[in-house]
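Each chain, letter by letter, is given below.
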Amino acid sequence: AKQQGRSGYAFFSSDMREQAESRMRLLKDLRIAQQEHQFCLYYQPIISLKTQKIEKAEALIRWQHPEKGLIRPDEFIPLAEETQLIHKMGEFIFTSACDTLRKVKDSGKHMQLSINVSPVQFTSKHCYLSKWHKQLQTLNLNAQDIVIEITEGLMMNAQPRTQKRLTTLTAQGFALALDDFGTGYSSLAYLKQMDTDYIKIDKRFVDGIADNQDDLALCEAMIMMAHQLGLQVIAEGIETYEQHELLLQAGCDFGQGYYYAKPMPQEALLTLLTDN
Ligand code: C2E
Ligand code: CA
Ligand code: CA
Ligand code: CA
């Protein structure tokens, strides 16, 4: 038994070593990626369910790895958060989003653009978030054209600093969306307190609405509640016509998902907007 225990331990530790090594490799690659500008933003249209026109888009980060190809954010955002690389990345995201908004305006169109802001970004010592408003003014853009998407968990354990920074942003006119709504510990009190403009119903609720009465009932309840509080609703992950129809009938305002369009590079979005 002792023998077994020993080999078991040896196996476990080599497994952990492998994990640590792959993490180190990813971190090294991530640092290089930042220096060599391997990140870019993709944009997924958000449409008005009533008119089916594009009114907004969400910026989603992509990593163009020289060997591995396009890497999705779930694979590197957590590490970027742990290692504070997220701050530089967050500035890049904001600057790129501004560039896109400027191009949209120059083409004579109007669109609101969502960016995802990590909770870690609110905790930095140097508050770069406070420079965003100035940065927009320099480009002759409005804070109202940017929607800050935060996950609903953010406020639950928020330090006073986080709360204050968020309040500053909304006071400057930035719009606010609560992402992945319904999945965490949302409190209705926070919704009001935070000057929220949108809730985003998570894909896992949308997935089931065509076959599951409970999922449909949940979506309907969230939409009704949001409207009663004066908020608008964006449903995520719409993949079928049935889901689109059911959400439209439930009074949902906006939709986002493969049924309308997948995330795409900047030029593709600009082209799509031309004949919107
Ligand atoms: P999220 O904010 O909930 O973004 C929505 C995700 O759902 C995106 O995945 C999008 O491509 C995907 N999606 C949209 N419609 C559909 C659909 O119809 N079907 C399916 N199967 N998926 C759909 P993505 O781009 O891989 O992003 C994953 C997560 O990574 C995001 O979830 C967000 O939490 C995070 N993320 C993405 N970009 C950024 C960023 O710039 N900054 C930060 N901090 N996080 C980001
Ligand atoms: Ca989001
Ligand atoms: Ca507002
Ligand atoms: Ca989401």
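Residues numbered from 1 in each chain as written. Chains lettered and ligands numbered in written order. Predicted model: local features only at pLDDT ≥ 70, side-chain atom pairs only at ≥ 80, totals over all residues. Heavy atoms only, no water.

Asks: Hey, could you go over the overall build of the protein for me, with residue numbers and the actual values?
Replies: Of regular secondary structure, the protein possesses 10 helices and 9 strands. Here the C-alpha atoms of the protein give a radius of gyration of 21 Å, agreeing with the 19 Å that 2.2 N^0.38 yields for 276 residues. The proportion of buried residues among the 276 residues of the protein is 46%. The distance from the centre of the 29 positive side-chain charges to the centre of the 35 negative ones in the protein is 9 Å. (Helix = DSSP H or I, 4+ residues; strand = E, 2+ residues; numbered from the N terminus. Rg over C-alpha atoms; globule rule 2.2 N^0.38 Å. Buried < 20%, exposed > 50% of the residue type's maximum accessible area, 1.4 Å probe, protein only. Lys, Arg positive; Asp, Glu negative; His and termini not counted. Charge placed at Lys NZ, Arg CZ, Asp CG, Glu CD.)

Asks: Quick rundown of the packing of aromatic side chains? Include the residues and the values.
Replies: This model, assessed by the stated rule, comprises 7 aromatic pairs. Consider the rings of Phe39 and Trp63, whose centres lie 5.8 Å apart with planes at 50°: the pair is tilted. Of this pair, Phe39 sits in strand E1 (residues 39-48) while Trp63 sits in strand E2 (residues 54-65), and the two are 24 residues apart along the sequence. In this structure Phe39 comes out as buried when scored by relative accessible area, which is 10%. Judged by centre distance (5.0 Å) and plane angle (70°), the rings of Tyr259 and Tyr260 are edge-to-face. One aromatic cluster in this structure is built from Phe39, Trp63 and Phe76. In this structure, Lys262 packs its charged tip against the face of Tyr258, placed 4.8 Å from the ring centre. (Phe/Tyr/Trp six-rings, centres within 6.5 Å; stacked < 30°, edge-to-face > 60°. Lys NZ or Arg CZ within 6 Å of the ring centre and 35° of its normal.)

Asks: So, the confidence of the model for the protein: which residues are in play, and what are the values?
Replies: Summary statistics for the protein give a mean pLDDT of 91 and a share of 93% for residues scoring 70 or more. Prediction confidence for the complex, expressed as pTM and ipTM, is 0.93 and 0.97 respectively. (pLDDT = per-residue confidence, 0-100.)

Asks: Tell me about the coordination of the calcium ion (ligand 4), residues and numbers included.
Replies: Binding of the calcium ion (ligand 4) to the protein goes through Asp179 (OD), Asp180 (OD), Glu236 (OE) and Glu236 (OE), at separations of 2.2 to 2.5 Å. Each donor residue of the calcium ion (ligand 4) belongs to the same chain, with the gaps between them written as D-D-x55-E. Here the calcium ion (ligand 4) and the calcium ion (ligand 2) are spaced 4.4 Å apart, with Asp179 acting as a shared donor. Its relative accessible area of 24% is what places Asp180 among the partly exposed residues. (Donors = N, O, S within 2.8 Å, 3.2 Å for Na, K, Ca; no water.)

Asks: Tell me about the coordination of the calcium ion (ligand 3), and please be specific about residues and values.
Replies: Protein-derived coordination of the calcium ion (ligand 3) comes from Asp197 (OD) and Asp197 (OD), at a distance range of 3.0 to 3.1 Å. As for its placement among the helices and strands, Asp197 is situated in the loop between helix H6 (188-193) and strand E7 (198-201).

Asks: Give me the lowdown on the environment of Gly153, citing residues and values where you can.
Replies: When you line up the elements, Gly153 lands in the loop between strand E5 (146-151) and helix H5 (160-171). The sequence separation of Gly153 and Phe181 amounts to 28 residues, and the corresponding C-alpha distance is 9.4 Å.

Asks: Describe the site of ligand 1, and please don't skip the residues or the numbers.
Replies: With respect to spatial proximity, 22 residues lie near ligand 1, and among them Gln44, Arg62, Arg72, Glu239 and Tyr258 are the closest. Take Glu58: an N or O atom from its side chain is 3.3 Å from an oxygen atom of ligand 1. Tyr258 is positioned such that a nitrogen or oxygen atom in its backbone is 2.8 Å from an oxygen atom of ligand 1. If you list the elements that add at least two residues to the shell around ligand 1, you get E2 and strand E6 (175-181). Of the residues belonging to the shell around ligand 1, the class tally is 8 nonpolar, 5 polar and 9 charged. (Near = heavy atom within 4 Å. Polar contact = N/O pair within 3.5 Å; in protein donor to acceptor, adjacent residues only side chain to side chain. Nonpolar A, V, L, I, M, F, W, Y, C, P; charged D, E, K, R; others polar.)

Asks: Provide a residue-level description of the state of the cysteines, including the pertinent values.
Replies: Taken as a whole and judged by the stated rule, the model has 0 disulfides. Here Cys252 is not disulfide-linked; the sulfur of Cys219 is the nearest cysteine sulfur, at 8.0 Å. We classify Cys252 as buried; its relative accessible area is 4%. (Disulfide = S-S within 2.5 Å.)

Asks: How would you sum up the pattern of salt bridges? Please name residues and give values.
Replies: Within this structure, the stated rule accounts for 10 salt bridges. Glu149 is paired through a salt bridge with Lys200; the nearest N and O atoms lie 2.7 Å apart. Highlighted residues: Glu149 in strand E5 and Lys200 in strand E7, separated in sequence by 51 residues. Here Lys200 and Glu236 are joined by a salt bridge, their closest N and O atoms 3.7 Å apart. Highlighted residues: Lys200 in strand E7 and Glu236 in the loop between strand E8 (232-235) and helix H9 (241-249), separated in sequence by 36 residues. On the basis of relative accessible area, Glu236 is assigned to the buried category, the value being 12%. Taken together, the shared-partner salt bridges in this structure form one network comprising Glu58, Glu149, Lys200 and Glu236. (Salt bridge = Lys/Arg side-chain N within 4 Å of Asp/Glu carboxyl O.)

Asks: Tell me about the pairing of E2, residues and numbers included.
Replies: When a strand is regular, its side chains alternate between the sheet's two faces. Counting buried residues in E2 gives 10 out of 12 residues, a clear majority hidden from the surface. As defined by bridge partners, E1 adjoins E2 across 9 bridges and the pair is classed as antiparallel. When the bridges of E2 are listed, Ile47 appears paired with Ile54. Here E1 hands over to E2 after 5 residues, with Gln52 in that stretch at a positive phi of 60°. The pairing of E2 with strand E4 (residues 112-116) spans 3 bridges and is classified as parallel. Bridge assignment links Lys56 to a residue of E4, and that residue is Gln112. Strand direction decides the pairing type here: E2 and strand E3 (residues 69-71), joined by 3 bridges, are antiparallel. Within the sheet, the bridge partner assigned to Trp63 lies in E3 and is Ile71. The antiparallel pairing of E2 with E3 creates a hairpin that spans 3 residues between the two strands. (Pairing = 2+ DSSP bridges.)

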